[in-house]
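Structural overview
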Amino acid sequence: RFGIARLSSPPMAEASAEPKSHARRDLLIELQNKAQQRWATEKPFELDAPLPGTPEAEQPKHFVTFPYPYMNGTLHLGHTFSLTKTEFSMGYERLKGKRTLWPFGFHCTGMPIQAAADNLRRDIIGMFNSMYDEEAVAAAEEAEAAKAEAAKEAAADAVADPTKFKAAKTKSASKKGKGNQWQTLESMGIPRDIIPRFVDPVYWLQYFPPIAKDDLIAMGVKVDWRRSFITTSVNPYYDSFICWQFEKLRKKEKVSFGKRYSVYSPCDAQICADHDRASGEGVGPQEYSLIKMKVMELPPCMEQLKGNNVFLLAATLRPETMYGQTNCWVLPHDKEGNDVWYGCYRTHVEGEVVVVGERAAQNMAFQELTPKFGEVDLICMVRGRDMMGLPLDAPFTSYKPIYTLPMLTISMKKGTGVVTSVPSDAPDDYIALQDLKKKPALREKYGIKDEWVMPFEIIPIIEIPYTKDNAPPGTEPTTTDIAAVVACEEYKVASQNDKDKLALAKAKTYKLGFYEGKMCIGDFKGTSVQDAKNAVKEQLIASGGAYKYAEPEKEVMSRSGNECVVALTDQWYIKYGEDQWYIKY
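Residues numbered from 1 in each chain as written. Predicted model: local features only at pLDDT ≥ 70, side-chain atom pairs only at ≥ 80, totals over all residues. Heavy atoms only, no water.

Some details on the environment of Leu205
Along the polypeptide, Leu205 turns up in helix H8 (residues 201–219). What makes Leu205 buried here is its relative accessible area of 11%. Measuring from C-alpha to C-alpha, the distance between Leu205 and His107 comes to 9.1 Å, with 98 residues separating the pair along the chain. Contacts of Leu205, omitting those with residues within four sequence positions, involve Cys108, Ile113, Ile230, Thr232 and Val234. (Helix = DSSP H or I, 4+ residues; strand = E, 2+ residues; numbered from the N terminus. Buried < 20%, exposed > 50% of the residue type's maximum accessible area, 1.4 Å probe, protein only. Contact = heavy atoms within 4.5 Å.)

In structure tokens, the structure reads:
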């Protein structure tokens with residue numbers, strides 16, 4: 001904990017003939033204790049509203065507040081650093097003769113406390129079970145010993161730079177605590193005999209705020225402690241204030257109700273806000289279009305799906321490019337050569353089955369795209385390598401059918417694991433298609449027939465003004481409708497293995513296409529890509545060629561330990577985006 005009185009003297013570097021004097025430190029502590037005893041008696045920071053017409057009513061005022069510290073543990077040095085700014089402000093304004101007021105709240109709302117209580121309950125059950133499992137106990141002791149030895153070796157090998165600061169733990173690691181929840185509470189100095197009480201989340205609200213208050217008093221903050229409070233409905237006064245506030249906002253039409261995409265914890269069955277996360281702070285939903293490509297002839301691995309309309313779903317951020325599809329990509333195996341599996345799932349539409357990766361199916365389950373909210377309806381699993389050469393009826397492309405082909409760079413942790421191929425404007429697609437066309441051995445390896453690849457030429461869809469990076473200043477751009485081809489030639493991309501060059505080509509192509517591109521095909525021919533994007537998306541959805549879909553931009557882990565999804569849920573939300581936010585109460 002912090003506060004001058006709680007600081008211990010630093011260890012002496014080496015033995016000295018004369019004992020080191022602590023007189024200045026002891027004097028500071030003596031002054032601190034005298035001042036705080038006087039404050040406790042005279043209560044100078046307790047301020048009441050003055051009566052009208054009194055001298056106090058005319059006195060200038062200074063009011064401060066501090067972001068409520070969260071009560072899933074004791075206060076730390078970060079709180080001290082931030083508090084000093086408010087503390088110095090209060091002291092300075094008091095010296096100027098102002099009436100100063102500082103109330104203080106303790107934050108108890110949200111899932112971190114509930115998740116910690118649940119984790120502790122699991123820890124206790126696990127500890128109880130392990131008492132009867134000698135092998136588990138021995139393995140745990142061996143793992144702890146190995147961990148301690150590794151830490152010791154790492155510390156011995158490390159060479160510290162005294163001019164640079166490095167945190168002992170990352171923010172993500174700090175959120176996870178030390179070991180399990182039981183160990184985290186022990187590390188705070190909490191007696192072992194009362195730790196089991198923390199399985200009740202309300203006990204956290206009773207235990208930590210008084211400790212935090214004692215620490216703040218020791219620091220000497222100028223708070224009116226009569227105005228201290230905790231949040232949540234456990235405090236009926238604060239709960240009433242929040243209800244009043246939101247009712248006012250609702251009447252002013254600043255709060256609305258409806259369905260919105262939000263990062264969601266399936267384990268906790270609720271939205272997972274930033275402070276509820278172990279990792280992924282600041283990550284939001286990323287919206288896609290799920291392109292529906294109908295399987296025109298079922299392969300043997302999908303025999304049991306007969307009688308259903310079966311679709312491969314591909315997630316895309318560029319629906320306006322669907323006019324240029326020449327094929328569809330599927331991942332046959334991972335980098336180690338292990339089979340990659342896709343699931344065949346029933347959707348909310350009777351008689352419809354979709355083929356996607358497991359992670360995408362989990363997200364779909366919370367977006368009204370499955371028969372029951374929050375549940376996937378899996379029929380069977382199929383290997384990626386067994387789906388090569390599937391004939392597909394894809395929306396908006398002039399090729400009927402297009403075929404599934406192998407791509408080894410697909411990530412099963414983003415999108416659906418199924419990818420549309422638009423080689424006119426996507427360098428990755430262009431090079432992958434060229435690899436298959438130019439390399440018979442590659443086609444033979446995955447059982448790809450020539451007729452699935454060779455007849456498919458690029459379909460121009462977007463006109464872009466293109467200038468090479470090394471062109472002399474003032475060079476007029478040339479217009480191209482096959483930007484991916486031009487970019488790959490500029491950066492000399494020879495194969496899919498040229499990852500860095502492909503990244504440059506992709507960044508340039510996508511940027512020019514979005515900001516300066518014009519459609520040269522379809523109902524929105526002549527329209528800018530920026531204007532056409534949403535129009536094409538809505539047209540696809542209206543015609544039954546696509547679904548709306550979202551997933552987290554990056555991995556998000558809740559404090560309960562599960563990976564979060566994006567859910568489409570009914571909720572109240574504040575219209576922060578409005579220009580006018582003046583409200584007269």
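A short note on helix H14 (residues 499–516)
Spanning 18 residues, H14 covers 25 Å between terminal C-alpha atoms, matching the ideal 26 Å at 1.5 Å per step. Listed in full, the buried residues belonging to H14 are Leu502, Ala505, Lys508, Thr509, Leu512 and Gly513. Angular distribution of buried residues about the axis of H14 spans 135°; they occupy a single face of the element. Opposite the packed face of H14, turned more than 90 degrees from it, sit the exposed residues Lys499, Asp500, Lys511 and Tyr515. (Expected span 1.5 Å × (residues − 1). Arc of directions from axis to C-beta.)

Side note on the environment of Pro300
As for its placement among the helices and strands, Pro300 is situated in the loop between strand E8 (285–295) and strand E9 (309–316). Classification of Pro300 by relative accessible area gives exposed; the value is 73%. Along the primary structure Pro300 and Met387 are separated by 87 residues, whereas in three dimensions their C-alpha atoms are 9.5 Å apart.

Observations regarding the sheet that holds strand E5 (residues 255–265)
Pairing is antiparallel in the open sheet, where three strands are placed in the order E6-E5-E22. If you trace the sheet from one side to the other, it starts and ends with strand E6 (270–271) and strand E22 (565–574), each paired once. Across two bridges, E5 lies against E6 in antiparallel orientation. The residue bridging Tyr264 from the neighbouring strand is Ile271, located in E6. (Pairing = 2+ DSSP bridges.)

Thoughts on the nonpolar core
Core analysis: the largest hydrophobic core is formed by 64 residues, its most contacted members being Met293, Leu312, Tyr342 and Val355. Sequence-distant contacts of Leu312, that is, excluding residues within four places in its chain, are made with Ile291, Lys292, Met293, Val295, Cys328, Val330, Val355, Leu390, Leu392, Thr404 and Val418. Tyr70, Ile195, Tyr207 and Trp225 belong to the second largest nonpolar core, which has 33 residues in total. (Core = buried A, V, L, I, M, F, W, Y, C linked by side-chain atoms within 4.5 Å.)

Digging into the packing of aromatic side chains
Geometry of an aromatic ring pair is reported as the spacing of the ring centres plus the angle between the planes. Applying the stated criterion across every chain, the model contains 27 aromatic pairs. When the ring of Phe66 is compared with that of Phe104, the centres are 5.9 Å apart and the planes differ by 15°; the resulting orientation is stacked. Placement of the pair is Phe66 in the loop between strand E1 (61–63) and helix H3 (77–95) and Phe104 in strand E3 (residues 104–106), with a sequence separation of 38 residues. Taking the relative accessible area as the measure of exposure, Phe66 reaches 9% and is therefore buried. When the ring of Phe198 is compared with that of Tyr203, the centres are 4.8 Å apart and the planes differ by 80°; the resulting orientation is edge-to-face. Taking the relative accessible area as the measure of exposure, Phe198 reaches 0% and is therefore buried. Using a relative accessible area of 15% as the deciding quantity, one classes Tyr203 as buried. By the ring-pair criterion, three or more aromatic residues cluster together here, those being Phe66, Trp102, Phe104, Phe106 and Trp225. Here Lys85 stacks its cationic end above the ring of Phe81, 3.5 Å away from the centre of that ring. When the ring centre of Tyr573 is taken as reference, the NZ or CZ atom of Arg260 above it lies at 4.1 Å. (Phe/Tyr/Trp six-rings, centres within 6.5 Å; stacked < 30°, edge-to-face > 60°. Lys NZ or Arg CZ within 6 Å of the ring centre and 35° of its normal.)

Digging into the sheet that holds strand E18 (residues 478–480)
Sheet architecture is open: three strands sit in the order E18-E17-E19, paired in antiparallel fashion. Only two strands of the sheet have a single neighbouring strand rather than two, namely E18 and strand E19 (518–519). In this sheet, E18 lies alongside strand E17 (residues 462–466) in antiparallel orientation, the contact comprising three bridges. In the sheet register, Pro465 faces E18, and the bridge partner there is Thr479. Set on the sheet, helix H13 (residues 483–490) makes contact with E17 and E18; between it and E17 the angle comes to about 35°. Relative to E17, H14 is tilted by about 110°, and along the sheet it contacts E17 and E19. (Axes fitted to C-alpha atoms, helices over the stretch in contact; angles between N-to-C directions.)

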